[in-house]
Amino acid sequence: MATKKRHFIATEVADLLGISIQQVYTMLKEGELKGHKTHSGKWLIPKGQSAFDDIDIETTDNLETEQVSPHVECETRKDTDVCIQTDNEEKPSEFLKYISDSEHYSIVFSRMTQVAKSLKITSCNLKNFTVHGIDSNGKDVSVRFAEFLLDLCNRGVKVQIACMKPFWFFAYIHDNLPELENHPNFDLRQQDYMHMKVFIFDDDSAYIGSANLTGAALGLRANGKRNHEAGILAKGNDIFHDALNHFNRVWTGNGIHRYKYHEFRKERKELQEKNNN
């Protein structure tokens, strides 16, 4: 006979309260929620707290986390200071979910942290926005998107990004993070007519929607400081396979090319000349 759970884990609290996992960590840090961390890095949060006063706790004893938001816990990696989230439960074979507004951070970006083999993205714009992590000491840290991508590449993830406007992102990595610019697992390509926003996670699931790779769309932003965005998350169905096939056609199609230093140098010179006039 199953016993009633006395604790929630952090992802369950996020689902119950309708907030992001990062907001749960902030509530724990500031004492709004009480809990303790296990040796594996998982937070156990007792049920009997004022934050749950308006929730029917009895209905949560058989709580199932949303299919597209499986339980995750922090895994400390020796090769990075940023905590990467990893799945601990079997993923459903098929799903389709509508994604809105701040879910682009709590769900879409969260899936980027979970990839093990590949991350494929098409976007109109690409900026070096701020994202959230947990370091090996359990402390909140904020890192730039470029540093996050470097961590993925160092872990063996193949990162492919195609966009219309890579200049400013490339300027940052060229000046500050050449190890990402020259990493064998990183491929940044440019196409003048790129406007589609499709993210493919491990050739397993896909986001299709309005969000660019910017802070206002995907980054660590409070409500009122981020865009209204909408999209869908798909796995194991025709929509997912169509998105994957579309990405592959675009990636190998006409007019797309590897963004390299000589193009960056030309654009930077043109911009400097324009600003001096």
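Residues numbered from 1 in each chain as written. Predicted model: local features only at pLDDT ≥ 70, side-chain atom pairs only at ≥ 80, totals over all residues. Heavy atoms only, no water.

A. Summary view of the sheet that holds strand β11 (residues 186-190). Read across the open sheet, the 8 strands follow the order β6-β14-β13-β12-β7-β10-β11-β15; overall the sheet is mixed. Taken across any chain shown, the strands that pair with only one partner, and hence form the sheet edges, are β6 (95-100) and β15 (257-258). Where strand β13 (residues 205-209) meets strand β14 (residues 230-235), 5 bridges bridge the pair, whose relative direction is antiparallel. When the bridges of β14 are listed, Ala206 appears paired with Ala234. (Pairing = 2+ DSSP bridges. Helix = DSSP H or I, 4+ residues; strand = E, 2+ residues; numbered from the N terminus.)

B. Region of the structure containing helix α4 (residues 145-154). Among the 10 residues that make up α4, 8 are buried, leaving the element largely enclosed by the rest of the structure. All buried positions along α4 are accounted for by Phe145, Ala146, Phe148, Leu149, Leu150, Asp151, Leu152 and Cys153. Just beyond α4, the residue with positive phi is Gly156, at close to 95 degrees. (Buried < 20%, exposed > 50% of the residue type's maximum accessible area, 1.4 Å probe, protein only.)

C. Local environment of the packing of α4 against helix α5 (residues 167-176). Where α4 meets α5, the closest approach of the two axes is 10 Å, and the angle between their N-to-C directions is 65 degrees. Here α5 runs roughly perpendicular to α4, going by the angle between their axes. Where α4 crosses over α5, the handedness of that crossing is right-handed. On the side of α4, the interface is formed by Phe145, Ala146, Glu147 and Leu149, while α5 contributes Phe169, Tyr172 and Ile173. Here the contact of α4 with α5 is built from residues that sort into 6 nonpolar, no polar and 1 charged. (Axes fitted to C-alpha atoms, helices over the stretch in contact; angles between N-to-C directions. Parallel < 35°, antiparallel > 145°, perpendicular 65-115°, else oblique. Left-handed = near helix turned anticlockwise from the far one by under 90°. Contact = heavy atoms within 4.5 Å. Nonpolar A, V, L, I, M, F, W, Y, C, P; charged D, E, K, R; others polar.)

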